[in-house]
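# Remarks on the overall topology
Read off the chains here:
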Amino acid sequence: MNSPYTSVLLIYTGGTIGMIENTETGALENFNFEQLQKHIPELHKFNFPIDTYQFDPPMDSSDMEPDMWRKLVRIIHENYSRYHGFVILHGTDTMAYTASALSFMLENLEKPVILTGSQLPIGVLRTDGKENLMTSIEIAAAQTKEGKPLVPEVCIFFENHLMRGNRTTKMNAENFNAFRSFNYPVLAEAGIHIKYNNNVQIRSYKEKQKLKPHYLLDTNVVVLKLFPGIQENVVATILGIEGLKAVVLETYGSGNAPRKEWFIRRLCQASAQGIVIVNVTQCNAGMVEMERYETGYQLLQAGVVCGYDSTTESAVTKLMFLLGHGYTPDEVRDRMNRSMAGEITI
Ligand code: ASP
């Protein structure tokens, strides 16, 4: 049940959802929010006010930068008391990074922040954008009988599924079900009704918490994906990058890596120099267990910290967040072992 005064701020950053085909080149280009509204007259059917904020110019999410995350945090913070929920229209390519970053940057969030987008532009007949947008707005406004928000966390809604934002990954470049939350159950499913999953822990609403927006991020982070045949000079060059503070090491299976002497030695040296190395699996689902095999255990010995069942997107943005706040390497390692916004299962 919504109170008659429920209101939602719709923030339009760009992405396929608001694109139109250039008749000459055939390429998709951004159009502005008025045109978006023209294509979704149903927006007027909600019985509560929906205000809009548009990025000018709208951007393809491939151009997304931490500065844009800061901008989103600022918009939400400045408008926090005026709205019951926020919907962010965003390109799908980097949506999981933005959702992860916002989950850390919006401390004490007690209102829904729902990111959505689409695989087909809104002007196209078979678009998935309309459904995604309408349902996201409904979720952002959804309240309990007592008038408390049902989902006070940063989420992605896509093709019928509401997912915890920092658990999502874009896993399909073509299908409408572009996102999955492999290691955490969906928070809600949208069919005829929107069914909230009572068996899963949705962030609980805590009365009178004050939103604490964070803007500090340090981007001296790199993702190193292992593959059979990876050469020492490649690993050494990456670990030797000037100013590098953290590495998300994408390992095999349950957190395994080559046992080669040079590899372990290079990781040991980097850890000793204060570079934080986090072990995240290349597998979509499942968890890193470094004690399980000798190959993982060696990494532990080299000072590598466990990434548990974190997505790469979440590990990267969490590291940016922690490093940005000036924690020492050991403090960062310690916090990587703790859940800050439901991003890992310990
Ligand atoms: N390149 C687009 C973007 O991420 C793709 C999309 O929106 O689906 O902005």
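Residues numbered from 1 in each chain as written. Predicted model: local features only at pLDDT ≥ 70, side-chain atom pairs only at ≥ 80, totals over all residues. Heavy atoms only, no water.

## Quick notes on the packing of aromatic side chains
In the structure shown here, the tally under the stated rule is seven aromatic pairs. Consider the rings of Tyr83 and Phe86, whose centres lie 6.0 Å apart with planes at 65°: the pair is edge-to-face. Of the residues examined, Tyr83 reaches a relative accessible area of 4% and is grouped as buried. The exposure class assigned to Phe86 is buried, which follows from its relative accessible area of 0%. In this structure an aromatic cluster arises from ring pairing among Tyr80, Tyr83 and Phe86. The side chain of Lys111 reaches across the aromatic face of Tyr80, ending 4.8 Å from its centre. (Phe/Tyr/Trp six-rings, centres within 6.5 Å; stacked < 30°, edge-to-face > 60°. Buried < 20%, exposed > 50% of the residue type's maximum accessible area, 1.4 Å probe, protein only. Lys NZ or Arg CZ within 6 Å of the ring centre and 35° of its normal.)

## Overview of the sheet that holds strand E12 (residues 188-190)
Strand order in the open sheet formed by eight strands is E4-E1-E5-E7-E8-E9-E12-E13, with mixed pairing between adjacent strands. Every other strand in the sheet has two partners, leaving strand E4 (50-54) and strand E13 (194-196) as the edge strands with one partner each. On average, each strand axis in the sheet is tilted by 25° relative to the strand beside it, whichever way the strands run. Sheet analysis places strand E8 (residues 154-158) next to strand E9 (residues 161-164), joined by four bridges and oriented antiparallel. For Phe157, the partnering residue across the bridge sits in E9 and is Leu162. Across the sheet, helix H2 (residues 66-78) lies against strand E1 (8-12), E4, strand E5 (85-89) and strand E7 (113-116), angled at about 160° from E1, the strand it touches most. Here helix H3 (residues 95-105) sits on the sheet in contact with E5, E7 and E8, set at roughly 155° to E8. (Pairing = 2+ DSSP bridges. Helix = DSSP H or I, 4+ residues; strand = E, 2+ residues; numbered from the N terminus. Axes fitted to C-alpha atoms, helices over the stretch in contact; angles between N-to-C directions. Contact = heavy atoms within 4.5 Å.)

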